[in-house]
Amino acid sequence: MQNNIQNNLISWYQSNHRQFPWRETKNPYYIWISEIMLQQTTTEAVIPYYKRFIQTFDTIDKLADASLEEVYKLWEGLGYYRRAKHIHETAQIICTQYHGIFPITYQEILKLKGIGPYTAGAICSIAYGLPTPAIDGNVLRIISRLYALTENIALPKAQKNIFNIVNELLDGYDSSAFNQGLMDLGATICRPFNPHCEICPIASFCQAKKTGQQKVLPISIKNIKHKEINYITGIITYQDQYIMIQNPAGLLENLYGFIQYEIESPYRFIEEFEKQYHLSLSLVSYHGQVKHVFTHRTWHMHIYHFSINEPFGSLYSLDDISQLPVSTAHLKVLKHYLKTMK
Ligand code: SF4
């Protein structure tokens with residue numbers, strides 16, 4: 001078998017995939033129920049609900065004939081009850097418009113209530129083996145890293161690009177195993193923080209790993225809204241010391257904080273920093289984001305770790321920082337950063 005991304009991922013999935021009850025079936029109705037339950041809910045929490053639901057309503061007809069109260073009762077504790085309402089309504093539509101048979105094309109499935117492109121892609125590939133991408137946050141992250149894409153994945157243009165890449169990768173391969181392989185890879189190995197590249201089945205193809213950007217990518221920064229400010233906040237270290245600067249004026253006058261710029265890319269941060277401080281900076285890793293709400297504005301601070309390899313005037317150890325007057329916003333940043341370093 002040729003050594004490529006698809007074959008490596010598929011054969012890894014076949015020998016290592018996580019066992020779930022919804023993976024023991026190709027019934028599109030059961031897969032649909034599991035995918036809806038899995039929206040905003042963890043796999044562990046879903047298992048008992050899925051089993052009870054499928055035992056009670058083993059066919060779409062039974063679900064359509066049930067009262068909404070009966071459906072809600074089985075959903076109790078799973079949250080987001082609109083999902084249960086949509087499932088019930090959709091089951092009734094399938095019974096009246098499709099004679100109780102789950103639709104078989106991507107376009108028809110996409111028209112059903114509560115089903116978006118990800119869910120339609122997952123159902124079509126898992127139940128019918130159709131070559132339909134199922135793009136969620138995990139896939140956006142993995143593909144960004146695999147191809148070292150530096151576009152902001154919060155933007156539709158970048159998402160479309162990733163959809164096209166997955167579409168091409170799927171061509172001629174087992175789409176069910178490929179899509180589920182990406183789901184499992186994102187959940188267990190190519191995780192948001194500290195990916196386990198050493199055991200990744202597609203590591204030899206990964207451009208982020210090759211270029212040392214696996215802890216930086218993907219870049220995911222939501223559009224700037226009115227009074228909502230996005231910053232790249234830099235945890236800049238030299239050995240075990242941190243750069244903290246005292247705010248000369250403005251909102252946090254005299255308080256210490258990390259250097260941050262209102263921009264949308266860590267690479268622009270490097271340019272700004274080097275222009276301002278004439279010191280070169282290396283990008284090390286991404287550490288998620290922290291929000292801080294002031295009375296008249298909200299800061300969204302996207303935390304990146306950078307390093308310098310020569311001393312800088314404003315360096316402080318963690319002990320020093322505990323003695324400095326630091327803004328609450330940046331204390332939150334530091335706490336979050338240290339937590340993600342564990
Ligand atoms: S090598 Fe690392 S960063 Fe690349 S896909 Fe695998 S786990 Fe993700």
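The following paragraphs examine the structure supplied in this document. (Residues numbered from 1 in each chain as written. Predicted model: local features only at pLDDT ≥ 70, side-chain atom pairs only at ≥ 80, totals over all residues. Heavy atoms only, no water.)

**Describing empty space enclosed by the protein**
At step 1: Following the criterion strictly, the structure yields two cavities of 30 Å³ or more and no others.
At step 2: The volume enclosed by the largest cavity comes to roughly 110 Å³.
At step 3: Along the walls of the largest cavity sit 15 residues, with R145, C190, C197, C200 and C206 positioned nearest its centre.
At step 4: The element best represented in the lining of the largest cavity is helix α9 (residues 137-146), accounting for three residues.
At step 5: Residues belonging to the lining of the largest cavity are distributed by class as follows: eleven nonpolar, two polar and two charged.
At step 6: There is about 50 Å³ of room inside the second largest cavity.
At step 7: If you go around the second largest cavity, the residues you meet are R145, P192, F193, N194, K215, Y286, H287 and T340. (1 Å grid on protein atoms, 1.4 Å probe; cavity = no way out; pocket = protein on both sides within 12 Å on 5 of 7 lines; lining within 4 Å. Points joined across faces, edges and corners; volume = space filled by probe spheres on them. Helix = DSSP H or I, 4+ residues; strand = E, 2+ residues; numbered from the N terminus. Nonpolar A, V, L, I, M, F, W, Y, C, P; charged D, E, K, R; others polar.)

**Considering the layout of surface pockets**
At step 1: Computed from the structure, the largest pocket encloses a volume of approximately 590 Å³.
At step 2: What lines the largest pocket is a set of 26 residues, and nearest its centre among them are L38, T43, Y118, D136 and N138.
At step 3: Of all the elements in the fold, those that place two or more residues in the lining of the largest pocket are α2 (28-38), α3 (43-56), α8 (117-128), α9 and α11 (175-188).
At step 4: For the lining of the largest pocket, a count of residues per class yields nine nonpolar, ten polar and seven charged.

**A short note on helix α5 (residues 68-75)**
At step 1: Restricting attention to buried positions, one finds in α5 the residues V71, L74 and W75. Burial along α5 is one-sided: seen end-on, the buried residues are contained in an arc of 100°. Opposite the buried face of α5, by more than 90 degrees, sit the exposed residues E69 and K73.
At step 2: Buried residues belonging to α5 abut α2, α3, α4 (60-65) and α6 (82-97). (Buried < 20%, exposed > 50% of the residue type's maximum accessible area, 1.4 Å probe, protein only. Arc of directions from axis to C-beta. Contact = heavy atoms within 4.5 Å.)

**Describing the site of the ligand**
At step 1: Taken together, R145, I189, C190, P195, C197, C200, A203, C206, K209 and Q214 make up the full set of residues near the ligand.
At step 2: Cavity membership is defined here by more than half of the atoms lying within 2 Å of grid points; on that basis the ligand lies in the largest cavity.
At step 3: Looking at the shell around the ligand residue by residue, the classes come out as seven nonpolar, one polar and two charged. (Near = heavy atom within 4 Å. Sits in = over half its atoms within 2 Å of the grid points.)

**Notes on the environment of E35**
At step 1: Mapping E35 onto the fold places it in helix α2.
At step 2: You can call E35 buried: its relative accessible area is 6%.
At step 3: The spacing of E35 and H88 is 53 residues in sequence and 15 Å in space, taken between C-alpha atoms.

**Regarding the packing of α2 against α8**
At step 1: Running from amino to carboxyl end, α2 crosses α8 at an angle of 145°, the nearest separation of the two axes being 9 Å. Between α2 and α8 the crossing geometry is right-handed. Facing α2, whose interface residues are P28, I31, W32, E35 and I36, α8 presents Y118, T119, A122, I123, I126, A127 and Y128. (Axes fitted to C-alpha atoms, helices over the stretch in contact; angles between N-to-C directions. Left-handed = near helix turned anticlockwise from the far one by under 90°.)

**Quick notes on the nonpolar core**
Note on soluble globular proteins: their nonpolar side chains tend to be buried together.
At step 1: Judged by nonpolar contacts, the single largest core of 51 residues is most densely connected at I143, L185, I236, F269, F273 and I308.
At step 2: When residues of this core are assigned to domains, at least three map to each of domain 1 (5-210) and domain 2 (228-340).
At step 3: Not counting residues up to four positions away in its chain, the partners in contact with I308 are I236, T237, Y238, I243, F273, L279, S280 and L281.
At step 4: Counting 41 residues, the second-largest nonpolar core is a separate cluster that includes Y49, F57, A91 and I123. (Core = buried A, V, L, I, M, F, W, Y, C linked by side-chain atoms within 4.5 Å. Domains from an automatic or database assignment.)

**Describing helix α13 (residues 266-277)**
At 3.6 residues per turn, the α-helix brings residues three or four places apart onto the same side.
At step 1: Counted at 1.5 Å a residue, the expected span for α13 with its twelve residues is 16 Å, and the 16 Å between its end C-alpha atoms agrees.
At step 2: Looking only at α13, the buried set comprises P266, F269, I270 and F273. For α13, the angular spread of the buried residues around the axis is 100°, confining them to a single face.
At step 3: Against the buried residues of α13 lie β1 (228-238), β2 (241-243), β5 (259-261), β6 (282-293) and β7 (298-307).
At step 4: With a side-chain oxygen positioned 3.0 Å from the backbone nitrogen of Y267, the residue opening α13 is S265.
At step 5: Downstream of α13 by one or two residues, H278 has phi in the positive range, about 55°. (Expected span 1.5 Å × (residues − 1). Polar contact = N/O pair within 3.5 Å; in protein donor to acceptor, adjacent residues only side chain to side chain.)

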